[in-house]
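# Geometric and topological summary
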Amino acid sequence: MGQDVLRVLAVDDPAVKGYLDKELGIFHDCQQKVVFHTIPWADYYAELMEVFTGKTEYDIVMVAGHLWLRDFVENGTLSEIDFEEEDILPVIAKEMRYQGKAYLSPSFCDGHMIVYRKSIISQIMGKELEPVITPLEYLQVAKSLNDVTGKRLVAMKAHESEIFTDALPFLRMNGDDVYGEDGQPVCDSKNVIEGLQAYLDLKDFAMEGTEHFGNEEIADAIRENKAAMAVTWSGQLGVIMEEGCVEPDDLGFSTFTAPWNVTWSFAISSGCRQKDAANACLRYLRSSAVDKAVGRKSGAPVKGSSYVTGVAACPWFPVQKQMMDLAKPLPSIHRSGEKNGILYKNIYQAFIGRKTVTEAMEAARQEIDAII
């Protein structure tokens, strides 16, 4: 492909669809010609490795913020970028840097957001949810829904490619985390095991087939009023609330006391031969006009002004900002993708009953410890 075209590898996420929306026409004012190629989340990391090993060529790639940043910088696969922080929320701007240098340009945020039907929750609990609740409070609401209605009205995003990060607020609910401050795994601690058990207890009140639910299934369950309550990513909310949502005004929003958030971002591959053009493209994509337009589509913009002007159309924005302030990142650890993959696998094994909670977390710790 010619040198005048910038090739972008992006995750196939509802939040990314705004860049491709013909009505929004995001690239009409971009000085560079850009071609987007999207890959499903379950396959995205493997495709990214193809880029970094030179098997495929892309100038710009999407990176899951702090989750992958350290490894990619230390492996020399990302180029430092020109980056100004004007109006970008401080917590997001901080995530774009590693050891004082900027390597990422923010696109949208993905953090834990609870979406619920206000009419049903108020009828069962006598009130709407508070803006911030504990995982145990969430579990109690799920149980009450089941006790009163006799129905499973909770949707869980428990597909194997989603389950670790979906379970994180529960794993953290007793004050511990899956990694210590030094990056060593502590996922088999008593507190984390109790948290995972609480997450598994939630399955008793969840819709059938929830072990196969990813973003699309959760969005459908909320939009079509199949679920009274679900946890989703903030970057899904714009799509969930779009045309076709049943009684959107009935949806309420909350978050957890210990959520997690990652800023999906654009980065310039070290193999890019058009770095000046790529930097110019990224400056355009993080402009206020683009952030407002794409942020409405995703539901998770990155600039402060977008939250001020967009709150009327996006009523979850106040809770979302609370979520980002409360969110605790995972530590920057070497070979994070490989280590977190072990947690995904073992937590899923516990969820589908192939291992006990203790067996799963002890196996995860041992497998992570074995990585040099």
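The following refers to the structure shown. Please read all numbers here as calculations on a predicted model, not as lab measurements. (Residues numbered from 1 in each chain as written. Predicted model: local features only at pLDDT ≥ 70, side-chain atom pairs only at ≥ 80, totals over all residues. Heavy atoms only, no water.)

### Describing unusual backbone geometry
- Phi angles above zero are rare outside glycine, and Glu247 is one such case at about 45°.
- Inspection of the secondary structure puts Glu247 in the loop between α10 (237–240) and β10 (251–256).
- Even without being glycine, Arg335 reaches a positive phi, approximately 60°.
- With respect to the helices and strands, Arg335 occurs in the loop between α14 (317–326) and α15 (336–351). (Helix = DSSP H or I, 4+ residues; strand = E, 2+ residues; numbered from the N terminus.)

### Here's the deal with the state of the cysteines
- All chains considered together, the criterion is met by 0 disulfides.
- Looking at the unpaired Cys245, the closest cysteine sulfur is the one in Cys314, lying at 13 Å.
- We classify Cys245 as buried; its relative accessible area is 11%. (Disulfide = S-S within 2.5 Å. Buried < 20%, exposed > 50% of the residue type's maximum accessible area, 1.4 Å probe, protein only.)

### Overview of helix α9 (residues 215–223)
- Of the residues making up α9, those classed as buried are Asn215, Ile218, Ala219, Ala221, Ile222 and Arg223.
- Close packing links the buried residues of α9 with β6 (105–117), β8 (154–155), β9 (229–233), α10 and β10.
- Two residues or fewer after α9 comes Asn225, characterised by a positive phi angle close to 60°. (Contact = heavy atoms within 4.5 Å.)

### Points about the packing of aromatic side chains
- Scanning the model with the defined rule gives 22 aromatic pairs in all.
- Relative to Phe36, the ring of Tyr19 has its centre 5.7 Å away and its plane inclined at 20°; by these criteria the two rings are stacked. Of this pair, Tyr19 sits in helix α1 (residues 17–20) while Phe36 sits in strand β2 (residues 33–39), and the two are 17 residues apart along the sequence.
- Taking the relative accessible area as the measure of exposure, Tyr19 reaches 4% and is therefore buried.
- A connected cluster of aromatic rings, assembled from ring pairs, spans Trp41, Tyr44, Tyr45, Phe52, Trp68, Phe72 and Trp264.
- Cation over ring: Arg7 sits above Tyr58, and NZ or CZ is 4.4 Å from the ring centre.
- Directly above the ring of Phe351 sits Lys203, whose terminal nitrogen or CZ lies 4.6 Å from the centroid. (Phe/Tyr/Trp six-rings, centres within 6.5 Å; stacked < 30°, edge-to-face > 60°. Lys NZ or Arg CZ within 6 Å of the ring centre and 35° of its normal.)

So, to be careful, I would describe these as geometric facts and stop short of saying anything about function.
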